Amino acid sequence: MNRRRFLESSAAAATLALVDCTSGPRLNVYNWSDYVAPDTVANFEHETGLRVRYGTYESNQEMLAQVLSGNSGWDVIFPSADFLGPMRDLGLLAPIQHSLLTNLNSLDPVFRAPPWDPELQWSVPYMYGATGILYQKQLMPAPQSWADLWNAKLAGKITMLDDATEVFGACLKKLGYSLNSADTAELRAAAQEARKQKPLLRAYLNAEVRDQAVAGDVAAAQAWAVTAAQAIAAAPDRLAFAYPREGFVRFADNIAILRESRRIEAAHRWIDYLLRPAVAAAIVETTHTATCNGTAYSLLPESIRKDPVLYPPADVLNRGEWLLPQSTGSQRLRDRLWTEMKSA
Ligand code: SPD
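Procedures and definitions
Residues numbered from 1 in each chain as written. Predicted model: local features only at pLDDT ≥ 70, side-chain atom pairs only at ≥ 80, totals over all residues. Heavy atoms only, no water. Near = heavy atom within 4 Å. Polar contact = N/O pair within 3.5 Å; in protein donor to acceptor, adjacent residues only side chain to side chain. Areas by Shrake-Rupley, 256 points an atom, 1.4 Å probe, with all protein chains shown as cover. Nonpolar A, V, L, I, M, F, W, Y, C, P; charged D, E, K, R; others polar. Domains from an automatic or database assignment. Helix = DSSP H or I, 4+ residues; strand = E, 2+ residues; numbered from the N terminus. Axes fitted to C-alpha atoms, helices over the stretch in contact; angles between N-to-C directions. Parallel < 35°, antiparallel > 145°, perpendicular 65-115°, else oblique. Left-handed = near helix turned anticlockwise from the far one by under 90°. Contact = heavy atoms within 4.5 Å. Buried < 20%, exposed > 50% of the residue type's maximum accessible area, 1.4 Å probe, protein only.

Engineer: Looking at this structure, I do not really get the site of the ligand. What am I missing?
Structural biologist: Taken together, the neighbourhood of the ligand is formed by W32, S33, Y35, N60, S80, E166, W224, V226, F251 and D253. The separation between a nitrogen atom of the ligand and a polar main-chain atom of S33 is 2.8 Å. In the model, a nitrogen atom of the ligand is placed 2.8 Å from a nitrogen or oxygen of the D253 side chain. Across the complex, the protein chains shield 98% of the 340 Å² of accessible surface that the ligand would expose by itself. Tallied by class, the residues present in the shell around the ligand amount to 5 nonpolar, 3 polar and 2 charged. Counting the residues that make up the shell around the ligand, at least three belong to each of domain 1 (26-128 + 251-312) and domain 2 (129-249 + 322-343).

Printed below as a string of structure tokens:
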């Protein structure tokens, strides 16, 4: 994927939630929303004397639009696995220096050599998850399949993620194809499914769907398991989550340092701090996320370790597919089909 295509596939930057930092050595951290505990940043500042400017985003495209210039001002970002290779190839990432990380061995063995970065040269796995259906328990029958999000009886009360890979992934799975398909006919068929579904939708929403589901405004939503777990924690009697029977996206969000950073050592201190098992476990307990940190996982209470939304059993997870980076041609087609579908 070349730089221009990558830029074209990026959404415009959205509002940043920024913490004002005016003095002292600083670190600029740009992360997904709800991916640290309320005191994670403050404790790091207190411990290190570094000031953190902390911003949040809701999609990889939003993050990418910020950092593509190579002059964004951010030091640390959290790209999903399928974005790492293209970002590395564009020269956006700085190598991870293992000698500056004392807590790397706390990663779960699965994430010490992940397929997208087997030697952890460019990234450190942070959170993982999958995409499924968040729904109101009162729905009968309960959604179990992507096809249930095409149910005309739920018109106006369905949402899908605002993400081409995720929406086409669900459409491809509904049709029985791989969600990483690069086949032109399969991708066109998937886009056709998305077009058919669009009139039934309330909106395309990412993490923002959580509050709308809790409020009861959304009946069924394509949602990340982490978002669903947060919604369910707020309304456990009313909301539930299904891993669709046709299969689903598996994702991992990773910590990376931007090549533009002039604070490489401070960035490694932040990463090592997030890798500390007690810090990582506190984040999971307050944010309802699935950590790549095996030692932190072992510190969690059983109610979280056995949460079937965040940590489903292997037979469920095995129905999922890891997202892979697309070739330039396939990404170009996907971008065009997405733009056409959204603007139709
Ligand atoms: N609020 C944090 C949600 C993070 C979800 N990341 C998923 C990326 C899948 N492409």
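Engineer: Sorry if this is basic, but what is going on with the environment of K196 here?
Structural biologist: With respect to the secondary-structure elements, K196 resides in helix 6 (residues 184-197). Residues K196 and W338 lie 142 residues apart in sequence; the distance between their C-alpha atoms is 13 Å. A distance of 3.2 Å separates a polar atom in the side chain of K196 from a polar atom in the side chain of E193.

Engineer: I would appreciate a short explanation of the packing of helix 2 (residues 40-48) against helix 9 (residues 264-275) in the present structure.
Structural biologist: The relative placement of two packed helices is expressed as an angle between their axes plus a distance between the axes. Across the interface, helix 2 lies against helix 9 with an axial gap of 11 Å and an inter-helix angle of 125 degrees. The angle between the axes of helix 2 and helix 9 places the two elements in the oblique class. Like other packed secondary-structure pairs, helix 2 and helix 9 cross with a definite hand, here right-handed. Facing helix 2, whose interface residues are T40, V41, N43, F44, E47 and T48, helix 9 presents A266, R269, W270, Y273 and L274. Classifying every residue of the contact of helix 2 with helix 9 gives 6 nonpolar, 3 polar and 2 charged.

Engineer: It is not clear to me how unusual backbone geometry should be interpreted in this structure. Could you clarify?
Structural biologist: P141 follows M140 through a cis peptide bond whose omega is -5 degrees. By the element assignment, P141 lies in the loop between strand 5 (124-136) and strand 6 (158-160). Located in the positive-phi region is D34, a residue other than glycine, with phi close to 55 degrees. Along the chain, D34 turns up in the loop between strand 1 (26-32) and helix 2. Given the relative accessible area of 33%, D34 is considered partly exposed.

Geometry only, nothing functional implied.
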